Amino acid sequence: MILAAGLGNRMQPLTAELPKPLLRVGNYSLVEHQVMKLKAAGITEIVINHYYLGELIEQRLGDGSRFGVGIRYSHETVRLETAGGIIAALPLLEDDCFLVVNADIWTDFDFSTLMPVTGSDCLAHLVLVGNADHHPTGDFCLDDSGRVHAGHGSRDPRLTFSGISVLHKKLFEGYPPAPQALLPLLQAAMAKDLVRGQYYKGTWIDIGTPERLQTVRELYASEQKQS
């Protein structure tokens, strides 16, 4: 599942008439780059949620056939936030566990290395990265056994959630498709020691501002010249 329902307020004026996932890097939009990375990892069935100007995303990507994948859409008539958006899309997600990635991140992480979570001893697997200057305090802690926890008072260093995860449907049991964030659900699972993670040290950029988008464009252009 690709999360693409954000408003993109920090990207104004670039998002005045275009949803953030359709901002371009090279010849493709951000969401198209994610689709192609998922396809390269062997994932051929994708669900994309959208809200702000979402019809433009559907027009751009269509049914996914030109990328060699199948794409279905979860259109939100009210903005459901991260957890609410996933819950609303659960009927479209055929497997009990599924990969989730934000549309607005840039990374060279290999999605094919991710493994399923069981739903019994683990409800979520999170990819964590180092803390950027704009988010110096991080989000969660990763202990030596690979378990993720909220980390208040922990000896383990705090890391940033990358927006890449494998989640099990059991994480969302009992929650309605109403506006709600993913963080409280993850924290509840962490309290039961049901969240695992890994620390990824490769390229990862949260494209939250026009300046970071320009950074990604320059990085991509440099990579294309070298290839």
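Please refer to the structure higher up on the page.
The following refers to the structure shown. The structure presented is a predicted model; accordingly, all values stated were derived computationally and were not measured.

Concerning the nonpolar core
Thought 1: Ranked by size, the top nonpolar core spans 31 residues in total, and within it Ile2, Ile48 and Leu61 carry the most contacts.
Thought 2: Among the elements of the structure, strand E1 (2-4), helix H1 (30-40), strand E4 (45-50), helix H2 (54-61), strand E5 (70-75), strand E6 (97-102), strand E8 (124-129) and strand E11 (158-168) are those that each provide at least two residues to this core.
Thought 3: For Ile48, the contacting residues outside a window of four places in its chain are Ile2, Ala4, Val31, Leu61, Ile71, Arg72, Tyr73 and Ser74.
Thought 4: Residues Leu90, Leu128, Leu171 and Leu182 belong to the second largest nonpolar core, which totals 30 residues.

Remarks on the side chain of His125
Thought 1: Within the secondary structure, His125 sits in strand E8.
Thought 2: Residue classification places His125 among the buried residues on the basis of a relative accessible area of 16%.
Thought 3: At 2.8 Å, the side chain of His125 forms a polar contact with the side chain of Gln198.
Thought 4: Those residues in contact with His125 that sit more than four places away from it in its chain are Leu114, Val117, Ile164, Ser165, Val166, Arg196, Gly197 and Gln198.

Some details on the pairing of E6
Thought 1: In terms of burial, E6 is largely enclosed, as five of its six residues are buried.
Thought 2: Judged from the two bridges that link them, E1 and E6 form a sheet pairing that is parallel. Paired with Ile2 across the bridge in E6 is Val101.
Thought 3: Inspection of the sheet shows E6 paired to E11 by five bridges, in the antiparallel sense. Within the sheet, the bridge partner assigned to Cys97 lies in E11 and is His168.

What counts, and where the lines are drawn
- Residues numbered from 1 in each chain as written.
- Predicted model: local features only at pLDDT ≥ 70, side-chain atom pairs only at ≥ 80, totals over all residues.
- Heavy atoms only, no water.
- Core = buried A, V, L, I, M, F, W, Y, C linked by side-chain atoms within 4.5 Å.
- Buried < 20%, exposed > 50% of the residue type's maximum accessible area, 1.4 Å probe, protein only.
- Helix = DSSP H or I, 4+ residues; strand = E, 2+ residues; numbered from the N terminus.
- Contact = heavy atoms within 4.5 Å.
- Polar contact = N/O pair within 3.5 Å; in protein donor to acceptor, adjacent residues only side chain to side chain.
- Pairing = 2+ DSSP bridges.

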